[in-house]
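Structural overview
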Amino acid sequence: MTSDHVDGAIGEAPATAAETGDPELARLVAETDEGSQELAPVDATSPVELAIEQGGVLRVPESDALDPDAADATFGAGETMILNVGPQHPSTHGVLRMMVELQGETILRSKPVIGYLHTGMEKTAEELTYVQGATNVTRMDYLSPLHNELVFSLAVEKLLGVDIPPRATWIRMLMCELNRISSHVMWAATNGMDLASSTMMIFGLRERDLVLGFFEKVTGLRMNHNYIRPGGVAADLPDGWEDDVEAVVDTVGARLTDYDNLLTGQPIFRERTEDVGVVPAELLIALSATGPLLRAAGVAWDLRRAMPYLAYGDVDFDVVVGSVGDCFDRYAVRLNEVRESIRIVRQILEKMPSGDYRAQDKKVTPPPRARIDESMEALIHHFKIFTSGIEPPEGEVYVAVESPRGELGCYLVSDGSNRPMRMHIRAPSFVNLQSVPALLRGGLIADMVAVLSSVDPILGDVDR
Amino acid sequence: MAPAGSLAWQIPALGQIPTVNSAGDEVFFPTRDRYVEVATVLRGAGFATCSDLCAVDYLTHLRRKVPDGVAAERFEVVVNLLSFTPARRVRLRVMIPEDDPVCPTLFFVYPGTENMEREAYDLMGIRFDGHPDPSRILLPQDWEGHPLRRDYGVGRVPVQFKEAPGPR
């Protein structure tokens, strides 16, 4: 992140010819009664003006394109056509519908139409207690369930003000980094499939399965784990977990070379991804984009580094950034983030502390099973936690973590009862999807699938 | 009086805005009229991106704690702004009355709020004045009501655990 970006983002006035004091330049610039008519450099335009000028968003009602009677088959020169893609399209990563305005093969404006997977999970969260809440949020972004559980648990813990034992923190970090690996290799798989490399699809799914196998051993499930809970994690790591993790990261690390051999240097892949879907970093910042999408454009913004949570301050890793911000950079950033995650996991293997895996606070976590047989008090605490649950004090908190797709935030409002009064998830896919019209604008319809895939929208996360 | 280290000391325009510290986060309570102006000032001060915008319905909890000089209303629009250098967050909470659920749009300050405001309109029924595309985003266009309001009922399907009683 250079300071230029921030300066550009706040729209500072450019240096005028009079200020620079160049007489030759001043002669060329005619002064009018409306001030200098000098053409400012492009980067002096504020991102807001850029967004409005370049306006890639097609703002027409979604039902218009559905009316067959309104269709007109005769096109004059210069006329545009609105093409509907999806929601049932294999390369839309779920049920995403795109309306694209075409002039010939060039995309002018576009509009992602979403909501086909909306199940009202924020409303459901108001019906569930804080103890049950993690089972709900884990179903939102189904490729990174552990990050969803993490952000919810961190928000509840911030409301409660409880401290988490170090081992629980490090177990959470281990699981989240493994989840990042599984999510990124799954992305590489679907991206390969979108660009007609079905070998990549098989490769990516194969590596993801290794990680899911470890998750199954630890949490009992391959998805929707409900493993990270307010107060710690659900269970300690199983015996011999070090060997399993080592086997996973060794294998994935070695097979990343296969990905390089298959795609990175391959002319067809590079032709399809290089210089496709490029927008300036300032526009992405103005459009609130985060994650690999923003980092590929050269902005080194990673919450793990900038606002460390868990124990990310104690491990050594690099924030991977791109230079051009095209689809290839987004591919390269994700691939190298897998390498960084492997680096973090290896450090966790060395530094994993011993101790409790959940806070020993009777009001937050249930007592161990053995205590229930011995102590009446433990039985009462156990019963209270699973019937009425945790009751945090009144208040509101916003917590954000770096999910594989960007900033995953949780805004939690408590009214002092055992259920959240409002739980809002700031879904990275939902916000990043806003950049798609800007990325598509001026490109070819044939590149649309490559661009959509490179943004990595998870529709469960978009619609919630 | 703003606490030490508060943004209100660095940005004079924030001096008059009621503020609290909520679990370590700085929260400002601008009025509905001054909300866009305050956001513009903050963007000029380095808060380059709007990371989140959502609406909250306090119908069941109207007597919540708010700082002096702020009249609690039923709805709130909550905006989380983010600065990259230095890494810092600030939150704005804007009171929206029940009988006039309208809020000025932040689109012309932060274009990234376009979808977030559409979502807040769709699910909470707060209209954003001046928004370029004020339509529903998640629910069908002909949906009635705004489901995240506290007085919007939750549909339930009765579950039959035992065999249905026979004809006799």
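Predicted model, so just to flag it, every value in this text is computed and none were measured.

1. Things to note about the overall build of chain A
Along its length, chain A carries 21 helices and 10 strands. Residues counted as buried form 49% of the 464 residues belonging to chain A. A sequence separation of at least 24 residues applies to 70% of the contacts in chain A between residues at least 6 apart.

2. Some words on the overall build of chain B
For chain B, the helix and strand inventory stands at three helices and seven strands. In sequence order, chain B lays out its α and β elements as α-β-β-α-β-β-β-β-α-β. Since a compact globule built from 168 residues should have a radius of gyration of about 15 Å, the 20 Å found for chain B marks it as more spread out than a globular shape. Here the C-alpha coordinates of chain B stretch approximately 80 × 35 × 30 Å along the principal axes. Taken over 168 residues, chain B has a buried fraction of 42%. Within chain B, contacts between residues separated by at least 24 positions form 55% of all contacts whose residues are at least 6 apart in sequence.

3. What to know about the packing of helix α15 (residues 327-351) of chain A against helix α20 (residues 448-455) of chain A
All names here are of chain A. One can describe the packing of α15 onto α20 by two numbers: an axis separation of 9 Å at closest approach and a directional angle of 30 degrees. In terms of orientation, α15 lies roughly parallel with respect to α20. Here α15 and α20 pass one another in a crossing that is left-handed. Where α15 approaches α20, its residues Cys327, Arg330 and Tyr331 are matched on the opposing element by Ala450, Val451 and Ser454. Broken down by class, the residue content of the contact of α15 with α20 amounts to four nonpolar, one polar and one charged.

4. Notes on the interface of chain A and chain B
Counting from both sides, the interface comprises 44 residues of chain A and, opposite them, 40 residues of chain B. Where the side of chain A that touches chain B is concerned, the elements lending two or more residues are α1 (3-9), α4 (47-54), α5 (121-127), α12 (281-286), β8 (395-403), β9 (406-414), β10 (420-426) and α18 (428-432) of chain A. Grouping the amino acids of the side of chain A that touches chain B by side-chain chemistry returns 21 nonpolar, 10 polar and 13 charged.

5. A short note on the sheet that holds strand β4 (residues 97-103) of chain A
Picture the strands of a sheet paired through backbone hydrogen bonds; they go either parallel or antiparallel. Residue and element names in this part refer to chain A. Pairing is antiparallel across the open sheet formed by three strands, whose spatial order is β3-β4-β5. Pairing within the sheet leaves two strands with one partner each, and these edge strands are β3 (81-85) and β5 (106-113). The sheet shows a mean angle of 25 degrees between the axes of neighbouring strands, taken without regard to direction. Of the strand pairs in this sheet, β3 and β4 are connected by five bridges, and their pairing is antiparallel. Paired with Val85 across the two strands is Met98, which belongs to β4.

6. Here we look at the pairing of β8(A)
On a regular strand, each side chain points to the face opposite its neighbour's, so the side chains alternate between the two faces of the sheet. Residues and elements named next belong to chain A. Counting buried positions along β8 gives eight out of nine residues, so the element sits mostly inside the fold. Summarising the sheet, β8 and β9 pair through nine bridges and their orientation is antiparallel. When the sheet's bridge partners are listed, Tyr398 is paired in β9 with Tyr411. In sequence, β8 turns back onto β9 through a hairpin of two residues.

7. Considerations on the confidence of the model for chain A
Low-pLDDT stretches of the model should not have their predicted coordinates read in fine detail. All names here are of chain A. In the predicted model, chain A carries a mean pLDDT of 83, and 84% of its residues have values of at least 70. The least confident element of chain A is α1, whose mean pLDDT is 39; the most confident is α15, at 93. Contacts from residues 1-15, a stretch scored under 50 in pLDDT, to residues over four places away or in other chains number 32 contacts.

8. Considering the environment of A:Ser453
The residue A:Ser453 is located in helix α20 in this model. Taking C-alpha positions, A:Ser453 is 27 Å from A:Ile344, a pair spaced 109 residues apart along the chain.

9. Considering the packing of helix α8 (residues 166-194) of chain A against α15(A)
Residues and elements named next belong to chain A. The interhelical angle for the contact between α8 and α15, taken along N-to-C directions, is 155 degrees, at an axis separation of 9 Å. With respect to their mutual orientation, α8 and α15 come out roughly antiparallel. For α8 against α15, the interelement crossing comes out left-handed. Side by side, α8 and α15 meet where Trp170, Met173, Leu174, Glu177, Leu178, Arg180, Ile181, His184, Val185, Trp187, Ala188 and Asn191 of the first sit next to Tyr331, Arg334, Leu335, Glu337, Val338, Ser341, Ile342, Ile344, Val345 and Ile348 of the second. Partitioning the contact of α8 with α15 into residue classes produces 15 nonpolar, three polar and four charged.

10. Considering the sheet that holds β9(A)
Residue and element names in this part refer to chain A. Strands sit in the order β8-β9-β10 across an open sheet of three strands; the sheet is antiparallel. Single-partner strands in this sheet number two, and they are β8 and β10. Sheet twist, expressed as the mean angle between neighbouring strand axes with direction ignored, is 15 degrees. Across the sheet, helix α7 (residues 145-160) touches β8 and β9, and the angle it forms with β8 is around 150 degrees.

11. Here's the deal with unusual backbone geometry
Cis geometry is adopted by the peptide bond preceding B:Pro86, which originates at B:Thr85 and carries an omega value of -5 degrees. Structurally, the position occupied by B:Pro86 is in the loop between β4 (75-83) and β5 (88-96). Unusually for a residue other than glycine, A:Asn226 sits at a positive phi of about 55 degrees. When you line up the elements, A:Asn226 lands in the loop between α9 (198-219) and β6 (228-229). Of note in the backbone geometry, A:Ser288 takes a positive phi value of approximately 65 degrees without being a glycine.

12. Things to note about the nonpolar core
Grouped burial of nonpolar side chains is what soluble globular proteins tend to show. Ranked by size, the top nonpolar core spans 168 residues in total, and within it A:Ala155, A:Leu284, A:Val451, B:Val77, B:Ala120 and B:Ile126 carry the most contacts. Of all the elements, α8(A) adds the most residues to this core, at 15 residues. Among all residues touching B:Ile126, those that are not within four sequence positions of it are B:Ala55, B:Phe75, B:Val77, B:Ile96, B:Pro101, B:Cys103, B:Ala120 and B:Tyr121.

13. Description of the environment of B:Leu82
Residues and elements named next belong to chain B. Looking at the element boundaries, Leu82 is found in strand β4. With 34 residues separating them in the primary sequence, Leu82 and Ala48 have C-alpha atoms 6.5 Å apart. Residues contacting Leu82, with those up to four places away along its chain left out, are Phe47, Thr49, Ser51 and Arg89.

14. Describing helix α6 (residues 130-137) of chain A
Most of α6(A) sits inside the fold, with six of its eight residues counted as buried. Looking at the buried residues of α6(A), the elements they touch are α5, α7, β6, α17 (376-387) and β10 of chain A.

Parameters at a glance
Throughout, a residue's number is its position along its own chain's written sequence, starting from 1. Chains and ligands are labelled sequentially in the order written, the chains with letters from A and the ligands with numbers from 1. Local features are withheld for residues below a pLDDT of 70 in this predicted model, meaning they are given only at 70 or higher, and side-chain atom pairs are given and counted only at 80 or more; totals for whole chains, interfaces and linings count all residues. For helices the rule is a DSSP run of H or I covering at least 4 residues; for strands it is a run of E covering at least 2, with both sets numbered from the N terminus onward. Once C-beta atoms are placed from the backbone, each residue is buried if 20 or more other C-beta atoms lie within 10 Å of its own, exposed if 12 or fewer, and partly exposed for counts between those two. Remark: residues whose backbone-derived C-beta atoms lie within 7 Å of one another are considered to be in contact. Radius of gyration means the value over C-alpha atoms here, while the globule rule gives 2.2 Å times the residue count to the 0.38 power. Axes, fitted as lines to C-alpha atoms, cover a helix only where it is in contact. Angles between the N-to-C directions of the axes lie from 0 to 180 degrees. Geometric relationships in this document are graded by angle, where less than 35 degrees denotes roughly parallel, more than 145 denotes roughly antiparallel, 65 to 115 denotes roughly perpendicular, and other angles denote oblique. The hand of a helix crossing depends on one turn: near helix anticlockwise from the far one by less than a right angle means left-handed, and clockwise means right-handed. Put simply, Ala, Val, Leu, Ile, Met, Phe, Trp, Tyr, Cys and Pro go in the nonpolar bin, Asp, Glu, Lys and Arg in the charged bin, and everything else, Gly too, in the polar bin. A pair of strands is labelled paired if DSSP reports no fewer than 2 bridges between them. By definition, pLDDT measures how confident the predictor is in each residue, and it falls between 0 and 100. The term nonpolar core refers to a set of buried Ala, Val, Leu, Ile, Met, Phe, Trp, Tyr and Cys residues connected through C-beta atoms within 7 Å.

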